[in-house]
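Observations on the three-dimensional arrangement
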Amino acid sequence: MATFAYRIRTTRKNALTKVFIRFNVDRKTSFYVETQYLVLSDAWDDKRQGMKSRFAYTDDFTEQQGRELMKNLAEMRSFILGEIAKDPEHPMTKSRLDNVTAGEAGGITQAI
């Protein structure tokens, strides 16, 4: 069964970084696809796949931007799962996921 999770890939503190999708096809096959969304590395919780609950928001990254980011990621998750359900016989590939996220990105604006 295929699964996916949102992750960031940086070791820098307090840096604006892209949110990636880590897609696991099976136990041996997984790949990363970058999304259009940016988040402060200090604000992201990989375990929860979202914003840290005790993050102190600033003028650079406001609470409203954090809520908007989480709403957009939830919409993206629903869209991807819907695309997988449309064609369950063909496994998800990196190029297919790139196309799905690029098609979905047209309808959602970028949140910092």
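Presented here is a report on the structure given in the accompanying data block.

Rules behind the numbers
- Residues numbered from 1 in each chain as written.
- Predicted model: local features only at pLDDT ≥ 70, side-chain atom pairs only at ≥ 80, totals over all residues.
- Heavy atoms only, no water.
- Pairing = 2+ DSSP bridges.
- Helix = DSSP H or I, 4+ residues; strand = E, 2+ residues; numbered from the N terminus.
- Axes fitted to C-alpha atoms, helices over the stretch in contact; angles between N-to-C directions.
- Salt bridge = Lys/Arg side-chain N within 4 Å of Asp/Glu carboxyl O.
- Buried < 20%, exposed > 50% of the residue type's maximum accessible area, 1.4 Å probe, protein only.
- Core = buried A, V, L, I, M, F, W, Y, C linked by side-chain atoms within 4.5 Å.
- Contact = heavy atoms within 4.5 Å.
- Expected span 1.5 Å × (residues − 1).

**Digging into the pairing of strand S3 (residues 30–40)**
Looking at chain direction, strand S2 (residues 16–24) and S3 are connected through 8 bridges and run antiparallel. Within the sheet, the bridge partner assigned to phenylalanine 23 lies in S3 and is phenylalanine 31. Where S2 folds back on S3, the antiparallel hairpin that results is connected by 5 residues.

**Things to note about the sheet that holds S3**
Pairing within the open sheet is antiparallel, and its 3 strands lie in the order S1-S2-S3. Edge positions in the sheet fall to strand S1 (3–8) and S3, since each has one partner strand and no second. Adjacent strand axes in the sheet meet at a mean angle of 25°, parallel and antiparallel pairs treated alike. Where S1 lies against S2, 6 bridges are found, and the strand directions are antiparallel. Along S2, the bridge assignment pairs alanine 5 with arginine 22.

**Overview of the pattern of salt bridges**
In the structure shown here, the tally under the stated rule is 6 salt bridges. A salt bridge links lysine 18 to glutamate 34; the shortest N-O distance between them is 3.5 Å. Of the two residues, lysine 18 is situated in strand S2 and glutamate 34 in strand S3; the sequence distance between them amounts to 16 residues. What makes glutamate 34 partly exposed here is its relative accessible area of 45%. A single salt-bridge network, built from bridges that share partners, covers Glu68, Lys71 and Glu75.

**Comments concerning the nonpolar core**
Ranked by internal contacts, the top residues of the largest apolar core, which has 24 residues, are Tyr6, Val19, Val39, Trp44 and Leu97. Elements with a minimum of two residues in this core: S1, S2, S3, helix H1 (63–86) and helix H2 (94–105). Sort the elements by how many residues they give to this core and S3 lands first, with 5 residues. In contact with tyrosine 6, other than residues within four places in its own chain, are Val19, Phe20, Ile21, Trp44, Asp46, Gln49, Leu73, Met76 and Arg77.

**A short note on H1**
Since the α-helix packs 3.6 residues into each turn, any two residues three or four apart lie on the same face. For H1, built from 24 residues, the straight-helix expectation of 34 Å at 1.5 Å per residue is met to within 8% by its first-to-last C-alpha distance of 35 Å. For H1, the complete set of buried residues consists of Gly66, Leu69, Asn72, Leu73, Met76, Ile80 and Glu83.

**Comments concerning unusual backbone geometry**
A positive phi angle, near 50°, is found at asparagine 14, a position not held by glycine. Examined against the element boundaries, asparagine 14 turns out to sit in the loop between S1 and S2. A positive phi angle is found at glutamine 49, which is not glycine, with a value near 55°. Mapping glutamine 49 onto the fold places it in the loop between strand S4 (44–45) and strand S5 (50–51). Using a relative accessible area of 21% as the deciding quantity, one classes glutamine 49 as partly exposed.

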